Amino acid sequence: MQRLALFDLDNTLIDLDAAFLLWAHEFAEEHRLSRKAVDHLVKLDRNGLPHRELFFTKVRERFKLSAPAADLWAAYRRRMPHLVECRPEVMAALAGLRASGWRVGIITNGTADNQLGKLQRTGLVDVVDGYALSGVEGIRKPDVGLFEIAARRCGMSLADGGWMVGDHPVADIDGGRAAGLRTVWIDRGTRAGHECSPDHVVSDVIQAVDVLRDINGRLPKKHR
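Rules of the game
Residues numbered from 1 in each chain as written. Predicted model: local features only at pLDDT ≥ 70, side-chain atom pairs only at ≥ 80, totals over all residues. Heavy atoms only, no water. Helix = DSSP H or I, 4+ residues; strand = E, 2+ residues; numbered from the N terminus. Buried < 20%, exposed > 50% of the residue type's maximum accessible area, 1.4 Å probe, protein only. Disulfide = S-S within 2.5 Å. pLDDT = per-residue confidence, 0-100. Contact = heavy atoms within 4.5 Å. Pairing = 2+ DSSP bridges. Right-handed = clockwise from strand over helix to strand, strands pointing away. Phe/Tyr/Trp six-rings, centres within 6.5 Å; stacked < 30°, edge-to-face > 60°. Lys NZ or Arg CZ within 6 Å of the ring centre and 35° of its normal. 1 Å grid on protein atoms, 1.4 Å probe; cavity = no way out; pocket = protein on both sides within 12 Å on 5 of 7 lines; lining within 4 Å. Points joined across faces, edges and corners; volume = space filled by probe spheres on them. Nonpolar A, V, L, I, M, F, W, Y, C, P; charged D, E, K, R; others polar. Axes fitted to C-alpha atoms, helices over the stretch in contact; angles between N-to-C directions.

A look at unusual backbone geometry
- Following Lys141, the chain continues to Pro142 via a peptide bond in cis, the omega torsion being 15°.
- Within the element layout of this structure, Pro142 appears in the loop between α7 (134–137) and α8 (144–153).
- Of note in this structure, Asn11 is not a glycine but carries a positive phi near 60°.
- With respect to the element layout, Asn11 can be found in the loop between β1 (4–7) and α1 (16–30).
- Residue classification places Asn11 among the buried residues on the basis of a relative accessible area of 10%.
- Its identity is not glycine, yet Arg32 carries a phi of approximately 55°, on the positive side.

Written out as structure tokens, the structure is:
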């Protein structure tokens, strides 16, 4: 199996939940909402609505805001890249994988402006070999096509296997398995309602990188 490692972005390489909480506080202050409004925003986010457009439609209705939902959604996309962070140890872990011969890519769902902004602002765009964004390519995980694009951007082919690391049991784990990849699931304890069958389960992306390093160390050189 080739040394290809694809990583999800949100709540895998970056802590989107922490950034969302910062945004929720800013949003509540900007619109003169109460502390309870922050709790409501967080709860609504954790309900897992399929699209942010629907999220902001519900937010607009709940707080009787005059701005159109589309404008609220656009403002969120502009702000979020400035709130997310990638921990230095995560950046170092990705750089270490590449230095040891791995090709490293990012594969993420989301709008082009929001996701590309996150990659650029965090510096992740400079420490990976390639990336595939659903908002650019017009297909979303778990569609195998997005995995194919990500592998190709890294100079690899899915035909030779590899690994997918992510927190979403459907988009990342089921999608990765359908693409012929082995998988590492980052279990954040928030999606107990879906059964998935990853090859490894961890609680943090650093642990996932350790799994890959350990497996790589046990592979014969001809398979690296």
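Notes on the state of the cysteines
- Tallied over the full model, the rule gives zero disulfides.
- Free of any disulfide, Cys86 has its nearest cysteine sulfur in Cys154, 16 Å distant.
- Classification of Cys154 by relative accessible area gives buried; the value is 0%.

Things to note about the confidence of the model for the chain
- Per-chain confidence: the chain averages 92 in pLDDT, with 94% of residues scoring 70 or above.
- Low pLDDT, under 50, characterises residues 219–224; the predicted model gives this stretch six contacts beyond four residues in sequence or across chains.

Here's the deal with the pairing of strand β5 (residues 182–186)
- With four of five residues buried, β5 lies mostly within the body of the structure.
- Bridging between strand β4 (residues 163–166) and β5 involves four bridges; their strand directions are parallel. Considered in β5, the bridge of Gly166 is made with Trp185.
- Where the polypeptide runs from β4 across helix α9 (residues 169–178) and back to β5, its parallel neighbour, the crossover connection is right-handed.
- By the bridge criterion, three bridges tie β5 to strand β6 (residues 200–202) in an arrangement that is parallel. Its bridge partner being in β6, Val184 is matched across the sheet by His200.

So, the packing of aromatic side chains
- This model, assessed by the stated rule, comprises eleven aromatic pairs.
- Both rings, one in Phe20 and one in Phe55, keep their centres 5.9 Å apart while their planes meet at 75°; by these two values the pair is edge-to-face. Placement of the pair is Phe20 in helix α1 and Phe55 in helix α3 (residues 52–63), with a sequence separation of 35 residues. By the burial criterion, Phe20 is buried, and Phe55 matches it.
- One aromatic cluster in this structure is built from Phe20, Trp23, Phe27, Phe55, Phe56, Trp73 and Tyr76.
- Directly above the aromatic system of Phe55 lies the positively charged group of Arg52, at a separation of 4.9 Å from the ring centroid.
- Its guanidinium or amino end placed over the ring of Trp73, Arg77 lies 4.8 Å from that ring's centre, counting from NZ or CZ.

Some points on the layout of surface pockets
- In this structure, the second largest pocket spans a volume of roughly 230 Å³.
- Considering the residues around the second largest pocket, the lining is formed by 17 residues, among which Leu13, Ile14, Asp15, Glu85 and Arg87 are closest to the centre.
- Tallied by class, residues from the lining of the second largest pocket come to nine nonpolar, three polar and five charged.

Some points on the sheet that holds β1
- As summarised here, the arrangement of the six strands in space is β3-β2-β1-β4-β5-β6, forming an open sheet in which the pairing is parallel. Every interior strand has two partners, whereas the edge strands, β3 (130–133) and β6, have only one. Recorded for the sheet is a direction-independent mean angle of 20° between the axes of neighbouring strands.
- In this structure, strand β2 (residues 103–108) lies alongside β3, joined through four bridges in parallel fashion. Bridge pairing in β3 places Ile106 opposite Tyr131.
- In this fold α8 packs onto β1, β2, β3 and β4, with an angle of close to 160° to the strand it touches most, β3.
- Each of β4 and β5 is contacted by α9, which is oriented at about 165° to β5, the strand it contacts most.

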